[in-house]
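# Per-entry structural report
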Amino acid sequence: MTTTITTSSEVPIVRVNDVSKRFIIRKDNSVKERLLNFGHANRFKEDFFALKHIDLQIDAGTTIGLIGPNGSGKSTLLKAIGGIIQPTTGSVQRRGQMAALLELGAGFHPDLTGRENVYLNASVMGLSRVQTESHFEEILEFSGIGEFIDTQVKFYSSGMYVRLAFAVAVHVDPDLLLVDEVLAVGDEAFQKKCLDKIRAFQDEGRTIVLVSHTLSQITSMCSRAIVLARGSVVFDGDPYDAVSILRSGFATTIEADAHKDDRLRAALANVELGRIKGVRVMNGQGLSPKSFDTGDDIAIEVDVEVPKRLEAWSVGLHINNPLGQLVTGATSTSLDVGLGALQGPAVARFLLPKAPFGSGEYGVTVALMGSHGQEIARAADAATFSVSNHGGTWGPLRTAMTFESRVGA
Ligand SMILES: Nc1ncnc2c1ncn2[C@@H]1O[C@H](COP(=O)(O)OP(=O)(O)OP(=O)(O)O)[C@@H](O)[C@H]1O
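Let us look at the structure shown here. Because the structure is predicted, anything quoted here is derived from the model rather than measured. (Residues numbered from 1 in each chain as written. Predicted model: local features only at pLDDT ≥ 70, side-chain atom pairs only at ≥ 80, totals over all residues. Heavy atoms only, no water.)

## Focus: the overall build of the chain
Using the following cut-off: Helix and strand labels come from DSSP, where a helix needs a run of H or I of at least four residues and a strand needs a run of E of at least two; each type is numbered from the N terminus. The classification of residues rests on relative accessible area computed with a 1.4 Å probe and restricted to protein chains. Under 20% of the type maximum is buried, over 50% is exposed, and intermediate values are partly exposed. Residues count as neighbours in contact if any of their non-hydrogen atoms are within 4.5 Å of one another.
On a plain count of helices and strands, the chain comes out with ten helices and 18 strands. Counting across all 409 residues of the chain, residues that qualify as buried make up 46%. Residue pairs in contact within the chain that sit at least 24 positions apart in sequence constitute 70% of those at least 6 positions apart.

Written as structure tokens, this is what we have:
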């Protein structure tokens, strides 16, 4: 029932000991129902366990992803780790300086300006006024909020909130950074800036716990991932396996009860696992140039690895423009190639002879499918390439357009 901060360097940075969290849910939601039920309130309340007997240790310097279906308890666990909510039973031990980016606007006071909130937020995270002052310009610069820093934050857009909150969080020099999905809110440029900052934190040996529905972020950034379902940990280990388990639908259907371990073992035996290890865009000579010309032969190679035998597999490819719109796509099945059993590594190759792309940037997303065509791994924007078109047309398609005119009748 306690959150203790310890300072020894030998213990993990976070230790979650048999944590459960109970919420009480009222079933009579309207005011009228509440008045009618007055005096019998307990009959209309229900206990609900958002977390059930969670045991975890997080080692310093690791990046952990928390994933799971909606309502599985990810945010509640993150808040319990951060000491923002107290567990109903069990305990959380944490050491070091922590910064948390939880739900939108948490920790910000709507009537205060951005500037005032920076000081307030930083002081909640343990920084003195003088320390905050020394970082203020960097925080402002990182946030990109500009002159809006002296506007009350109730007038901020959700993106502006996140920018400022992230800027404060990363400048309080945290040993442990907790991030709940908020990165999905900012625009693409800011998201990239945040991800770069998180990578720099990883290089500096800081610890990060990340809740994200963007599974490609989990596989690309985390050293370990935890799958939650109905308040229980159903998997804890390799991020690729965790994502495969989530994609298999297993986590949405599991009844996390006393027989969980048996069911988990049985279900995991049926989960098809696989990962995409690399994606290369190459020309006809097998080289990967920085830029292609319209009409070049393009080959896209995908390295996959399947630890447990698949009876059949297939691979999908999407080539998108920078706005994420599909330019062309296919799967090995749609191209009439049936692939048999696979265990271990394999290379799949899509060939685009004389590719008629117009000039521009393109992103390549690939997916690996299992025996029943279900997706078991996806690498979004795993590679990019650019095309220069020396013809007179533009757009994603190079056409052999010509022009003529007729003057007069
Ligand atoms: N303060 C609260 N009072 C009552 N129930 C709550 C409270 N906070 C969370 N819950 C419930 O606990 C469960 C877990 O919620 P939580 O927000 O941790 O899930 P999540 O996995 O983060 O979901 P999502 O992916 O939708 O963000 C949900 O059923 C939610 O309705």
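## Describing the site of the ligand
Operational definition: Residues are labelled near a given molecule or strand when at least one of their non-hydrogen atoms is within 4 Å of it. Any N or O atom pair separated by 3.5 Å or less is treated as a polar contact, with the protein-specific requirement of one donor-capable and one acceptor-capable atom, and with residues adjacent in sequence counted only for side-chain atom pairs. Surface accessibility follows the Shrake-Rupley procedure with a 1.4 Å probe radius. Residue values consider only the protein chains on display as shielding. Nonpolar residues are Ala, Val, Leu, Ile, Met, Phe, Trp, Tyr, Cys and Pro. Charged residues are Asp, Glu, Lys and Arg, and all others, Gly as well, are polar.
Close to the ligand lie Phe-23, Phe-48, Ala-50, Pro-69, Asn-70, Gly-71, Ser-72, Gly-73, Lys-74, Ser-75, Thr-76 and His-213. Taking Thr-76, its side chain carries an N or O atom lying 2.5 Å from an oxygen atom of the ligand. Considering the ligand on its own, with 640 Å² of exposed area, one finds that the protein chains cover 61% of that surface. For the shell around the ligand, the secondary structure elements donating two or more residues are strand 3 (45-58) and helix 2 (74-82). No other element matches the three residues that helix 2 contributes to the shell around the ligand. In terms of residue class, the shell around the ligand is made up of four nonpolar, seven polar and one charged.

## A few points about the layout of surface pockets
To keep it simple, the criterion reads: Space inside and on the surface of the protein is sampled on a 1 Å grid over the protein atoms alone, with a cavity defined as a set of points where a 1.4 Å probe fits but cannot get out and a pocket as an open set with protein on both sides within 12 Å along at least 5 of 7 lines; lining residues have an atom within 4 Å of a point. Grid points are joined across faces, edges and corners, and a volume is the space filled by probe spheres set on the points. Domain start and stop points were drawn from an automatic or database domain assignment.
If you add up the space inside the largest pocket, you get close to 1200 Å³. As for the largest pocket, its lining consists of 40 residues, and the residues nearest its centre are Leu-195, Ser-216, Ala-380, Asp-381 and Ala-382. Breaking the lining of the largest pocket down by element, the ones donating at least two residues are helix 6 (188-203), helix 7 (215-221), helix 8 (239-247), strand 11 (275-283), strand 17 (360-369) and strand 18 (375-388). Examining the composition of the lining of the largest pocket, we find that eight residues originate from one element, strand 18, more than from any other. Among the residues forming the lining of the largest pocket, the class breakdown is 17 nonpolar, 14 polar and nine charged. Of the domains in this structure, domain 1 (3-96 + 175-269) and domain 2 (275-388) are the two that each give at least three residues to the lining of the largest pocket.

## Quick word on the sheet that holds strand 16 (residues 342-352)
Applied cut-off: One requirement defines pairing of two strands: DSSP has to find at least two bridges between them. Only the stretch in contact is used when a helix axis is fitted, and all axes are lines through C-alpha atoms; the angle between N-to-C directions ranges over 0 to 180 degrees.
Reading across the sheet, the three strands line up as 11-13-16 and stay open at both edges, with antiparallel pairing between neighbours. On the outer flanks of this sheet lie strand 11 and strand 16, each paired with one strand and no other. Strand-to-strand, the axes of this sheet are offset by a mean angle of 20°, without reference to chain direction. With eight bridges joining them, strand 11 and strand 13 (residues 298-310) adopt antiparallel strand pairing. Counted as the bridge partner of Met-282 is Ala-299 from strand 13.

## A word on a nonpolar patch on the surface
The test is simple: In this analysis, a patch consists of residues with relative accessible area above 30% that form no salt bridge, clustered at 9 Å for like charges and at 5 Å for the nonpolar side chains Val, Leu, Ile, Met, Phe, Trp and Tyr. Whenever a carboxyl oxygen of Asp or Glu lies within 4 Å of a side-chain nitrogen of Lys or Arg, that contact is scored as a salt bridge.
Taken together, the side chains of Phe-23, Ile-25 and Phe-48 present a nonpolar region at the surface, about 240 Å² in accessible area. Looking at the secondary structure, you find Ile-25 in strand 2 (residues 14-26).

## Some words on helix 5 (residues 158-171)
Heads up, the rule is: One less than the number of residues in a helix, times 1.5 Å, gives the span that helix is expected to have.
When the terminal C-alpha atoms of helix 5 are compared, their 20 Å separation across 14 residues agrees well with the 20 Å that a helix rising 1.5 Å per residue should span. Of all the 14 residues making up helix 5, 13 are buried; the element is thus mostly covered by neighbouring parts of the structure. Looking at the residues trailing helix 5, positive phi occurs at Asp-173, about 60°.

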